[in-house]
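What follows is each chain in one-letter form.
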Amino acid sequence: GNGFFCQHCGALQPPDPTRDYFSLMDCNRSFSVDIGKLQHRYQQLQRLVHPDFFSQKSQTEKDFSEKHSTLVNDAYKTLQAPLSRGLYLVS
Ligand SMILES: [Zn+2]
C-alpha cells in the first residue's frame, strides 16, 4: 500500500507524523531536487487526497483529507523553492 488508505476497508488514514517532506514527495533527502518529478508527485498526491473527492465520505475522512491536502501543499512549496528547501534540510 501507499500508506494513505486502510488496507482492509480503503478508508483514508491520518497523515504519518514521522514522514518528512522528502519522503512524502518521493525525493532524495538532498539539496538538489528534480522539480519535474516533484511537480508530478504533487499532482499525483493531490488527486489522491483532495477534499473534493471525500465529500461523500465520513467526517473523519474529510478531516484527514484536509490535513493531507495542507501537508502536501506545504511540502510542495517548501521543497520547490531553493531557499526554503535548504532551510528545511538543515532543520
Ligand atoms: Zn479500515
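Here the structure is a predicted model, which means the values were calculated and not measured.

Considering all chains together, one arrives at one salt bridge under this definition. Between Arg29 and Asp20 there is a salt bridge whose closest N-O contact spans 2.7 Å. By relative accessible area, Arg29 is classed as partly exposed at 47%. Judged by its relative accessible area of 23%, Asp20 falls in the partly exposed class.

Let us now look at the coordination of the zinc ion. With distances of 2.2 Å, the protein atoms coordinating the zinc ion are Cys6 (SG) and Cys9 (SG). Given the relative accessible area of 21%, Cys6 is considered partly exposed.

This paragraph deals with the packing of aromatic side chains. Enumeration according to the criterion identifies three aromatic pairs in this entry. Taking the centre distance of 4.5 Å and the plane angle of 10 degrees together, the rings of Tyr21 and Tyr88 count as stacked. Of this pair, Tyr21 sits in helix 1 (residues 21-24) while Tyr88 sits in helix 4 (residues 82-90); the two residues are 67 residues apart in sequence, bridging distant segments of the chain. For the residue pair Tyr21 and Tyr88, the accessibility class agrees, reading buried in each case. Ring centres of Tyr42 and Tyr76 lie 4.0 Å apart, and the angle between their planes is 15 degrees; this geometry places the pair in the stacked category.

This part covers the UniProt feature "domain: J" (unreviewed entry) in the chain. UniProt marks residues 20-91 with the feature "domain: J" (unreviewed entry), using the numbering shown here. Annotation note: span residues 20-91, helix share 69%, strand share 0%, distance between end C-alpha atoms 11 Å.

Thresholds, definitions, all that
Residues numbered from 1 in each chain as written. Predicted model: local features only at pLDDT ≥ 70, side-chain atom pairs only at ≥ 80, totals over all residues. Heavy atoms only, no water. Salt bridge = Lys/Arg side-chain N within 4 Å of Asp/Glu carboxyl O. Buried < 20%, exposed > 50% of the residue type's maximum accessible area, 1.4 Å probe, protein only. Donors = N, O, S within 2.8 Å, 3.2 Å for Na, K, Ca; no water. Phe/Tyr/Trp six-rings, centres within 6.5 Å; stacked < 30°, edge-to-face > 60°. Helix = DSSP H or I, 4+ residues; strand = E, 2+ residues; numbered from the N terminus. UniProt positions renumbered as here; feature names shortened; annotations may be inferred.

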